[in-house]
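# Observations on the model geometry
So you can see what is in the structure, the chains are spelled out below.
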Amino acid sequence: MIVTKDKWITDCLTGGDEVNETDARNGIEWMYELADLKKPIVIFVDSPLAVQYAANILYNEGAIKQVHSQVYSQVDSQVHSQVYSQVDSQVYSQVHSQVYSQVDSQVDSQVDSQVRSQVHSQVYSQVYSQVDSQVHSQVHSQVYSQVDSQVDSQVRSQELKVFPVAYNVGGWYSGWGAYLDFYAQIGIAKHKDLKIYLDYLRSGVFYGNFLDNVAIVCRRPSGVRRDVGHNLDSDQLPAIEWRDGYKLWFLHGVSFEEPVWKKIVSQKLTLPELAKMDLGADQRAVAIQMLRADRLLEQMKAKEIATGKKYGKLLEQFGEDQCAEYFPFSLNEPTVLYQVDNFMDTGETEYCMKMEHPSIKGKYYIEWIEPEIGKKKDADLCQAHAFGMSVESYLIAVEA
Amino acid sequence: MKDNIKRPILHGENAIVPIEKMPEGKTKRYTKYIVGHSETGHHHVLEAVRGQEFDILVQDGEIYFTNTFEAKVTHKKLHDIHETKVVAPGIYKVSRKLEYDPFTKVRRAVFD
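## Focus on the overall build of chain A
If you tally the helices and strands in chain A, you get 15 helices and 12 strands. In chain A, which comprises 400 residues, the proportion classed as buried is 40%. A fraction of 65% describes how many contacts in chain A between residues 6 or more apart in sequence connect residues 24 or more apart.

## Quick notes on the interface of chain B and chain A
Counting residues at the interface gives 28 residues for chain B, matched by 28 residues for chain A. Elements that contribute at least two residues to the side of chain B that touches chain A include exactly β1 (9-11), β2 (14-18) and β11 (98-101) of chain B. Looking at the side of chain B that touches chain A residue by residue, the classes come out as 13 nonpolar, seven polar and eight charged. Bridging between strand β12 (residues 398-399) of chain A and β1 of chain B involves two bridges; their strand directions are parallel. By the bridge assignment for β1 of chain B, Val398 of chain A is matched with Ile9 of chain B.

## Regarding the sheet that holds strand β10 (residues 350-356) of chain A
Working definition: the strands of a sheet are paired by backbone hydrogen bonds and lie parallel or antiparallel to each other. All names here are of chain A. Pairing in this open sheet of four strands is antiparallel, and the strands run β8-β9-β10-β11 from one edge to the other. If you trace the sheet from one side to the other, it starts and ends with β8 (303-307) and β11 (364-369), each paired once. The mean inter-strand angle of the sheet, taken between neighbouring strand axes irrespective of direction, is 30°. The pairing of strand β9 (residues 336-340) with β10 spans five bridges and is antiparallel. Within β10, the residue paired with Val340 across the bridge is Glu350. Most of the contacts of helix α11 (residues 293-300) go to β11, to which it runs at about 45°, and overall it touches β9, β10 and β11. Helix α14 (residues 379-387) contacts β8, β9, β10 and β11 of the sheet and is inclined by roughly 80° relative to β11.

## Quick word on the sheet that holds strand β5 (residues 44-47) of chain B
Residues and elements named next belong to chain B. With antiparallel pairing, four strands are arranged side by side in an open sheet as β4-β5-β8-β9. The open sheet is flanked by β4 (32-36) and β9 (85-87), the only strands paired with a single partner. Put simply, the sheet's adjacent strands are angled 30° from each other on average, direction ignored. Examined bridge by bridge, strand β8 (residues 71-75) and β9 share three bridges and lie antiparallel to one another. By the bridge assignment for β9, Ala71 is matched with Val87.

## Quick word on α11 of chain A
Residue and element names in this part refer to chain A. Buried within α11 are the following residues: Leu296, Leu297 and Met300. Along the long axis of α11, the arc covered by the buried residues comes to 95°, so they all point the same way. Every exposed residue of α11 that faces more than 90 degrees away from the buried side is listed here: Asp294 and Glu298. In the core, the buried residues of α11 are packed alongside α9 (271-276), α10 (281-290), β9, β10 and β11. Immediately beyond the C-terminal end of α11, within one or two residues, lies Lys301, with a positive phi of roughly 55°.

## Observations regarding the packing of helix α2 (residues 21-34) of chain A against helix α7 (residues 194-201) of chain A
Residues and elements named next belong to chain A. At a closest axis distance of 8 Å, the pairing of α2 and α7 adopts a crossing angle of 125°. As judged from the angle between their axes, α2 and α7 are oblique. In this structure, α2 crosses over α7, and the sense of that crossing is left-handed. Along the contact surface, α2 presents Asp23, Ala24, Asn26, Gly27, Ile28 and Trp30, while α7 presents Ile196, Tyr197, Asp199 and Tyr200. Within the contact of α2 with α7, the residues separate by chemical class into six nonpolar, two polar and two charged.

## Focus on the packing of helix α6 (residues 170-185) of chain A against α7 of chain A
All names here are of chain A. With their axes 9 Å apart at the nearest point, α6 and α7 run at an angle of 135° to one another. Considered as vectors, α6 and α7 are oriented oblique to each other. When you trace α6 past α7, the crossing you get is left-handed. Side by side, α6 and α7 meet where Gly170, Tyr173, Ser174, Gly177, Leu180, Asp181 and Ala184 of the first sit next to Leu194, Leu198 and Leu201 of the second. Tallied by class, the residues present in the contact of α6 with α7 amount to six nonpolar, three polar and one charged.

## Considering α6 of chain A
Residue and element names in this part refer to chain A. Compared with an ideal rise of 1.5 Å per residue, which puts 16 residues at 22 Å, α6 spans 19 Å between its outermost C-alpha atoms and falls more than 12% short. At Trp176, α6 shows its maximal bend, which comes to roughly 35°. Just beyond α6, the residue with positive phi is Gly187, at close to 80°.

## Observations regarding the environment of Thr27 of chain B
Residue and element names in this part refer to chain B. Secondary-structure assignment places Thr27 in the loop between β2 and β3 (28-30). Between the C-alpha atoms of Thr27 and Phe54, which are 27 residues apart in sequence, the distance is 9.2 Å. Excluding residues within four positions of it along the chain, Thr27 makes contact with Asp55, Ile56 and Leu57.

## Comments concerning the nonpolar core
A general feature of soluble globular proteins is that nonpolar side chains tend to end up buried together. Of all hydrophobic cores here, the largest spans 119 residues; its most connected members are Val51, Val217 and Cys352 of chain A together with Ile16 of chain B. Looking at this core, the element that brings in the most residues is α6 of chain A, giving eight residues. In this view, Cys352 of chain A contacts Ala302, Tyr338, Val340, Ile366, Glu367, Trp368 and Ile369 of chain A; residues no more than four positions away in its chain are not counted.

## Examining the confidence of the model for chain A
In this model, chain A carries a mean pLDDT of 83, and residues with pLDDT of at least 70 account for 85%. Low pLDDT, under 50, characterises residues 104-108 of chain A; the predicted model gives this stretch one contact beyond four residues in sequence or across chains.

## Structural notes on the environment of Arg7 of chain B
Within the secondary structure, Arg7 of chain B is located in the segment before β1. Along the primary structure Arg7 of chain B and Pro18 of chain B are separated by 11 residues, whereas in three dimensions their C-alpha atoms are 7.3 Å apart. With near-sequence residues (within four places) excluded, Arg7 of chain B lies in contact with Ile396, Ala397 and Val398 of chain A.

Rules used throughout
Residues numbered from 1 in each chain as written. Chains lettered and ligands numbered in written order. Predicted model: local features only at pLDDT ≥ 70, side-chain atom pairs only at ≥ 80, totals over all residues. Helix = DSSP H or I, 4+ residues; strand = E, 2+ residues; numbered from the N terminus. Buried ≥ 20, exposed ≤ 12 C-beta atoms within 10 Å, placed from the backbone. Contact = placed C-beta atoms within 7 Å. Nonpolar A, V, L, I, M, F, W, Y, C, P; charged D, E, K, R; others polar. Pairing = 2+ DSSP bridges. Axes fitted to C-alpha atoms, helices over the stretch in contact; angles between N-to-C directions. Arc of directions from axis to C-beta. Parallel < 35°, antiparallel > 145°, perpendicular 65-115°, else oblique. Left-handed = near helix turned anticlockwise from the far one by under 90°. Expected span 1.5 Å × (residues − 1). Bend = angle between axes of the 7 residues up to and from the residue. Core = buried A, V, L, I, M, F, W, Y, C linked by C-beta atoms within 7 Å. pLDDT = per-residue confidence, 0-100.

See below:
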């Protein structure tokens, strides 16, 4: 399952931006035929934005009559009923027959059917969670849908029409593709056209519009950069880009316009500038997170109001040698609590803690605390509160 | 350090705190369990040794476990890791550090 999952993720995201136009065309024509639609002209372009531009050009030329045709949903429902649900029932009956044959037929029928449905759901959920949902999450949720939303807003900002995107493309349905592929590999999924469909999903088509008489599709990105959590992320280059030059910038899964991204990654963004920018909460949070702790505190004109006593108490009780051996974190700098007046020009007072990573000397980070706790000016209390512990528990806890 | 104090363990953003007894509920047995699920993929994992198993209960979004042996909690990351810590035999509750967001005025889980 892991091999299937990894292969689909790699192919969809970093498998290169070549398209097998034969497989793509065969698959698209097959889907239109399933939906009882006329064979479309298939147009290949280089990026999702180019797909929308091409659709707008054809619409303006009169080659496409309506923006919101039902083609993509007709195609989707036919593919679903012809392929997915047939494979799904093949899987169910295969699992059922393999398990049932092991079970004594004398077992009470109510227990038997409970066991069967439980096993089916356990098998399904294991395959789903290890193959389908991981591929879907990494390819669709963390990449495709981010791209889709950026394309949507860029097209709207230029006062062009946004044509609905097709579901049956690699960027969206790779999770399903991995699921079907896995069951085909182990010989359970048998459908006469499964190969056409899987070859299509693997052909390199990433995004597209399925319209009346025409399907416009684009290739996979030429570059995708992600953090260890598989979120689009790069502080060096665009997080995702296509060969026609279309690029998007992300930090930890949050998109930014290029000029803002540049300011953030070069540590040139100031808090007053940030306050004036029209950014969403996620963008502000990431921008602040990217600022080094010392710069952030300086820019906020934060005042130091308390220092944690935990480490000092441990050193006093056990001495430096024993602390070095049993409580090495106590040799780090203690937590420092800061007060920030008129936070981001709101007139409000906020509080934050600066702390050193317990296992990595010299790495600092900032965490905020509710004002009603912060104003008590007790750094250890703030830490205990954040961890949901009593102060007594916090003071004796070991840290790593 | 053997000083007869059952110390909580603060492993990154996760607090593993000794408690008196497990809450009521059906437990499951595991040799390994993710106690700190990380968005960025570097989970904090409770690990038994030599085939021993934990009794784990998840209730109202919180994790409780019992171990009758010395176990460890590790951090699955290639860099900037939190040190592995020994978990003495006992009964524990695992909770996640929460951070206040001064922009939205709500608390959210801290992630590595």
